Amino acid sequence: MSAGSVLKRMVCIGVASDAVKIFNAAVSAALPNVMVKSVLRRDSDAIWVSDKRYSIEGKRVYLVAFGKAVIGMARAVQDALKDVLVEGVVSVPHGTVQSLVTSGKS
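Residues numbered from 1 in each chain as written. Predicted model: local features only at pLDDT ≥ 70, side-chain atom pairs only at ≥ 80, totals over all residues. Heavy atoms only, no water.

(A) Expanded view of helix H3 (residues 70-81). The end-to-end C-alpha separation of H3 is 16 Å, in line with the 16 Å expected for 12 residues at 1.5 Å each. Structurally, H3 contributes buried residues whose contacts are with helix H2 (32-39), strand S1 (40-43), strand S2 (46-49), strand S4 (61-66) and strand S5 (85-91). (Helix = DSSP H or I, 4+ residues; strand = E, 2+ residues; numbered from the N terminus. Expected span 1.5 Å × (residues − 1). Contact = heavy atoms within 4.5 Å.)

Structure below.
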């Protein structure tokens, strides 16, 4: 194998490694719980979603969520609002919970 071939192979391996790192970072950033945590925060009397403030002073806070990716999102909301969250309902397609348990993601 020539020095040029070795160099080309090393460059390809480096590019592939960078591509895998970029892909993994993109997937991690798109995880439902990560997305919610990046935009949801709370202070003493308000919930913030991105730059929008919602006053919760004297109000009861409920969680209503539905969809395939909602389990991680609902968990992130629960973690962020645990001391003010009164109650919640989460609806997922049939088989979603079992699928998560089976895959070890529950």
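(B) The arrangement of the packing of aromatic side chains in detail. For the structure on display, the rule yields 0 aromatic pairs. Its end group placed over the ring of Tyr54, Lys52 keeps NZ or CZ at 5.7 Å from the ring centre. (Phe/Tyr/Trp six-rings, centres within 6.5 Å; stacked < 30°, edge-to-face > 60°. Lys NZ or Arg CZ within 6 Å of the ring centre and 35° of its normal.)

(C) Unusual backbone geometry, seen in detail. Even without a glycine there, the phi angle at Ser50 is positive, about 55°. Here Ser50 lies in the loop between S2 and strand S3 (52-55). For Ser50, a relative accessible area of 45% translates into the label partly exposed. (Buried < 20%, exposed > 50% of the residue type's maximum accessible area, 1.4 Å probe, protein only.)

(D) Region of the structure containing the sheet that holds S1. Pairing within the open sheet is antiparallel, and its 3 strands lie in the order S1-S2-S3. Single-partner strands in this sheet number two, and they are S1 and S3. Ignoring strand direction, the axes of neighbouring strands in this sheet form an average angle of 25°. Relative to S2, S1 runs antiparallel, the two being bridged by 4 bridges. In the strand pairing of S2, Arg41 is matched with Trp48. Contacts from H2 reach S1 and S2 within the one sheet, and its direction differs from that of S1 by about 40°. (Pairing = 2+ DSSP bridges. Axes fitted to C-alpha atoms, helices over the stretch in contact; angles between N-to-C directions.)

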